[in-house]
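Observations on the three-dimensional arrangement
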Amino acid sequence: TIRSSRRRFAARLNSGVRAQTEMHRDPSKFPSDEDGDILWRMHLAGDDLTAQRNVNFSVLFEAETNAESYAAEMRETAFEMQVDECLETFDIPAWEAVATAHIVPSHERITALSNLISSIAARHGGFPDGWATELSPNNSFKPKPLRGSA
């Protein structure tokens, strides 16, 4: 399972993707933005981007009560939700709420869900922290572990 911010996910993909400059990047499928870049790297890694899978959208909160009220509202919109104390080091206590959607990871779908999640999170004082997913089971890409990972 890849569970990290977009930057860490992109760095992990970069570690295993060979330069493939001969391939043409279709801007309608892979726009020139952070999400498009991640999807493009997944494509270069051999991921089957037509395969449905769980995509996790992370939102950070300063208070557990805000995270729980956000999760309750998100459950009403048919997302699976998980709320945990964030174990990363922050100057203040933090809670992470992860909304899971089972989708085909297209740029259009991820952008629409990110926008919906951001607007709901804002009402509860949350800060979106990106999305993550597992690579499709029928790809050949094996990411290198991040330094310090077990």
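Our structure is the block above this text.
We now turn to the structure provided with this report.

Reading the values: the criteria
Residues numbered from 1 in each chain as written. Predicted model: local features only at pLDDT ≥ 70, side-chain atom pairs only at ≥ 80, totals over all residues. Heavy atoms only, no water. Core = buried A, V, L, I, M, F, W, Y, C linked by side-chain atoms within 4.5 Å. Buried < 20%, exposed > 50% of the residue type's maximum accessible area, 1.4 Å probe, protein only. Contact = heavy atoms within 4.5 Å. Pairing = 2+ DSSP bridges. Helix = DSSP H or I, 4+ residues; strand = E, 2+ residues; numbered from the N terminus. Axes fitted to C-alpha atoms, helices over the stretch in contact; angles between N-to-C directions.

1. Brief notes about the nonpolar core
- Core analysis: the biggest nonpolar cluster contains 30 residues, and Phe57, Tyr70, Met74, Phe79, Met81, Ile117 and Trp131 have the highest contact counts within it.
- Once residues lying within four places of it in the same chain are set aside, the contact partners of Tyr70 are Val59, Phe61, Met81, Ala97, Ala99, Ile117, Ile120, Ala121 and His124.

2. Digging into the sheet that holds strand β3 (residues 95–103)
- Taken in spatial order, the 4 strands make up an open sheet running β2-β3-β1-β4, and their pairing is antiparallel. The sheet is open, and its two borders are formed by β2 (80–85) and β4 (127–133), each paired with just one other strand. Across the sheet, the mean angle separating the axes of adjacent strands is 20° when strand polarity is ignored.
- Here strand β1 (residues 53–61) pairs with β4 via 5 bridges, running antiparallel. Of the residues in β4, the one forming a bridge with Phe57 is Trp131.
- Packed on one face of the sheet, helix α2 (residues 34–44) meets β1 and β4 and runs near 15° to β4.

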